[in-house]
Amino acid sequence: MTAGEGAAAGPDAGRVADEALRARSAREVFDDHLRLAGEHRFAEDLARNVSPSCVVLERRGVFRGHAGVGELARLLEEELPGARYVYTNRLVEGRVAFLEWTAEIAGVRVRDGADSFLIEQGWIVAQTVHYTLERVGDGADRPAAP
């Protein structure tokens, strides 16, 4: 048996795994969130990294819990379907993280994506999201309608 084999099969495996997730540093949670987001593993990211009572502030309003985070992910996918995100700056200090990002698909781009995160006890408990959609191509560098 290799190290860790059989541990997941015990009756306390879920509790032990959850305790390990909750003991992670803000940097570990942030890195895990970005990795899973980049792999389009949204459900796993929610379960591992986003508090069920998370609050997200975004230009369209306040979004709460997993349902709110899911709604924002759906809206972003509608605005930038299949886009590849480039993380241009990642900062973590204590329980606060900051992300700058860009994205582009045919006809639309984001050059000013900026998210901030409050991470406590292994969870993202609060987040702010800002980005501007711009139409591109045909010489039309102008904000896209949200």
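Note: the structure precedes this text.
Residues numbered from 1 in each chain as written. Predicted model: local features only at pLDDT ≥ 70, side-chain atom pairs only at ≥ 80, totals over all residues. Heavy atoms only, no water.

> Would you take a moment to explain the packing of helix α2 (residues 26–38) against helix α3 (residues 42–49) for this structure?
A packed helix pair is summarised by two numbers, namely the angle formed by the two axes and the spacing between the axes. For the pair α2 and α3, interaxial distance at closest approach is 9 Å and the crossing angle is 165 degrees. With respect to α3, the axis of α2 lies roughly antiparallel. Between α2 and α3 lies a crossing of left-handed hand. Along its contact with α2, which presents V29, D32, H33 and L36, the element α3 presents E44, D45, R48 and N49. Grouping the amino acids of the contact of α2 with α3 by side-chain chemistry returns two nonpolar, two polar and four charged. (Axes fitted to C-alpha atoms, helices over the stretch in contact; angles between N-to-C directions. Helix = DSSP H or I, 4+ residues; strand = E, 2+ residues; numbered from the N terminus. Parallel < 35°, antiparallel > 145°, perpendicular 65-115°, else oblique. Left-handed = near helix turned anticlockwise from the far one by under 90°. Contact = heavy atoms within 4.5 Å. Nonpolar A, V, L, I, M, F, W, Y, C, P; charged D, E, K, R; others polar.)

> Looking at this model, I keep getting lost on the pattern of salt bridges. Mind explaining?
Think of it this way: side chains of opposite charge can pair up when their charged atoms draw near. Following the criterion strictly, the structure yields 16 salt bridges and no others. Here E39 ties to R41 by a salt bridge, and the two come within 2.4 Å at their closest N and O atoms. Among the residues examined, E39 registers a relative accessible area of 39% and is labelled partly exposed. For R41, a relative accessible area of 32% translates into the label partly exposed. For E71, the salt bridge goes to R74, with nearest N and O atoms at 2.6 Å. Here E71 and its partner R74 are both found in helix α4 (residues 65–79), three residues apart, which amounts to about one turn of the helix. Classification of E71 by relative accessible area gives partly exposed; the value is 29%. Relative accessible area serves as the criterion here: at 38%, R74 is assigned to the partly exposed category. When salt bridges with common partners are traced through the structure, they connect R24, D32, R35, E39, R41, E44 and R48 into a single cluster. (Salt bridge = Lys/Arg side-chain N within 4 Å of Asp/Glu carboxyl O. Buried < 20%, exposed > 50% of the residue type's maximum accessible area, 1.4 Å probe, protein only.)

> Help me understand the packing of aromatic side chains in this model?
All told, the structure shown has three aromatic pairs when counted by the stated rule. Ring geometry for F30 against F117: centres 5.3 Å apart, planes inclined by 65 degrees, an arrangement best described as edge-to-face. Taken together, the residues F30 in helix α2 and F117 in strand β5 (residues 108–120) connect sequence positions 87 residues apart. Per residue, the accessibility class of F30 equals that of F117, and both read buried. Relative to W101, the ring of Y85 has its centre 5.4 Å away and its plane inclined at 70 degrees; by these criteria the two rings are edge-to-face. Of the two residues, Y85 sits in strand β3 (residues 84–93) while W101 sits in strand β4 (residues 96–105), which places them 16 residues apart along the sequence. With a relative accessible area of 4%, W101 lands in the buried category. Ring pairs connect the aromatic residues Y85, W101 and Y131, which therefore count as one cluster. Cation over ring: R22 sits above W123, and NZ or CZ is 3.5 Å from the ring centre. In this structure, R59 is placed above the aromatic ring of Y131, and the distance from its NZ or CZ to the ring centre is 4.8 Å. (Phe/Tyr/Trp six-rings, centres within 6.5 Å; stacked < 30°, edge-to-face > 60°. Lys NZ or Arg CZ within 6 Å of the ring centre and 35° of its normal.)

> It is not clear to me how the pairing of strand β2 (residues 61–64) should be interpreted in this structure. Could you clarify?
Regular strands show a simple pattern: their side chains alternate between the two faces of the sheet. Pairing geometry for strand β1 (residues 50–58) and β2, over four bridges, is antiparallel. Bridge pairing in β2 links V55 to R64. (Pairing = 2+ DSSP bridges.)

> I tried to follow the environment of A97 on my own but got confused; where do I start?
With respect to the helices and strands, A97 occurs in strand β4. On the basis of relative accessibility, which here comes to 1%, the residue A97 falls in the buried class. Linking A97 and F117, residues 20 residues apart in sequence, is a C-alpha distance of 5.0 Å. Those residues within four positions of A97 in sequence are excluded, and the remaining contacts are F30, L91, V92, D115, S116, F117 and I119.

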